[in-house]
Amino acid sequence: MSKWFIISLFLYFPEDKTEYIPAGITSLVFLIGAILTMRYIIKVSKKEAQKAKEHEQAIMKHMNDTKENS
């Protein structure tokens with residue numbers, strides 16, 4: 001019984017539904033920020049992967065040139 005009393009202290013459902021508007025706006029702002037951040041991280045990750053691939057190809061070319069000259 002005390003479990004439900006403790007849980008009910010954290011639940012609040014207002015009668016005036018306009019009190020949900022600031023929470024909805026805040027949630028929307030953070031959702032948009034999270035989406036933009038994730039897109040930025042993916043974009044940077046793709047650029048880094050391309051740089052790593054080019055670096056790997058340069059190393060492999062250098063190693064092949066070294067083997068041919070030996």
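Residues numbered from 1 in each chain as written. Predicted model: local features only at pLDDT ≥ 70, side-chain atom pairs only at ≥ 80, totals over all residues. Heavy atoms only, no water.

### Some details on the overall build of the chain
Here is the rule we go by: Each helix is a run of DSSP H or I of at least 4 residues and each strand a run of E of at least 2, with the numbering of both proceeding from the N terminus. It is over C-alpha atoms that the radius of gyration is taken, and the globule rule equals 2.2 Å times the number of residues to the power 0.38. Burial classes: relative accessible area under 20% of the type maximum marks a residue as buried, over 50% as exposed, and values in between as partly exposed (1.4 Å probe, protein chains only). Note that accessible areas follow from Shrake-Rupley with a 1.4 Å probe, and for residues the cover is restricted to the protein chains shown. Asp and Glu count as negative and Lys and Arg as positive, but His and the ends of the chain are not part of the count. Every charge is mapped onto a representative atom, which is NZ of Lys, CZ of Arg, CG of Asp or CD of Glu.
For the chain, the count of helices and strands is 2 helices and 0 strands. The C-alpha atoms of the chain give 28 Å as radius of gyration, which overshoots the globular expectation for 70 residues (11 Å, by more than 25%). Summarising its shape, the C-alpha atoms of the chain cover approximately 85 × 30 × 5 Å along the three principal directions. Within the chain, the proportion of its 70 residues that are buried is 1%. Accessible area of the chain: about 7,100 Å², with a carbon and sulfur share of 67%. Side-chain charges of the chain comprise 10 positive and 8 negative groups, with the mean position of each set lying 4 Å from the other.

### Observations regarding a positive patch on the surface
The following threshold applies: Residues enter patches when their relative accessible area tops 30% and they take part in no salt bridge; the joining distance is 9 Å for like charges and 5 Å for the nonpolar side chains Val, Leu, Ile, Met, Phe, Trp and Tyr. Basic side-chain nitrogens of Lys or Arg form a salt bridge, by our definition, when they fall within 4 Å of a carboxyl oxygen of Asp or Glu.
Together, R39, K43, K47 and K51 make up a region of like positive charge exposed at the surface. Structurally, K47 can be placed in helix 2 (residues 20-69).

### Observations regarding the UniProt feature "transmembrane region" (unreviewed entry) in the chain
Threshold: UniProt positions are given in the numbering used here, feature names are shortened, and annotations may be inferred rather than shown by experiment.
Listed under "transmembrane region" (unreviewed entry) in the UniProt record, and renumbered for this structure, are residues 20-42. With 100% helix and 0% strand, the stretch residues 20-42 has end C-alpha atoms that lie 33 Å from each other.

### Some thoughts on the environment of T18
For the record, the criterion: Polar contacts, as used here, are pairs of N or O atoms within 3.5 Å; protein pairs need one atom able to donate a hydrogen and one able to accept it. Residues neighboring in sequence count only if both atoms are side-chain atoms.
On the secondary structure map, T18 appears in the loop between helix 1 (2-10) and helix 2. The exposure class of T18 is partly exposed, given its relative accessible area of 45%. Separated by 10 residues in the primary sequence, T18 and L28 have C-alpha atoms spaced 16 Å apart. At 2.8 Å, the side chain of T18 and the side chain of D16 are in polar contact.

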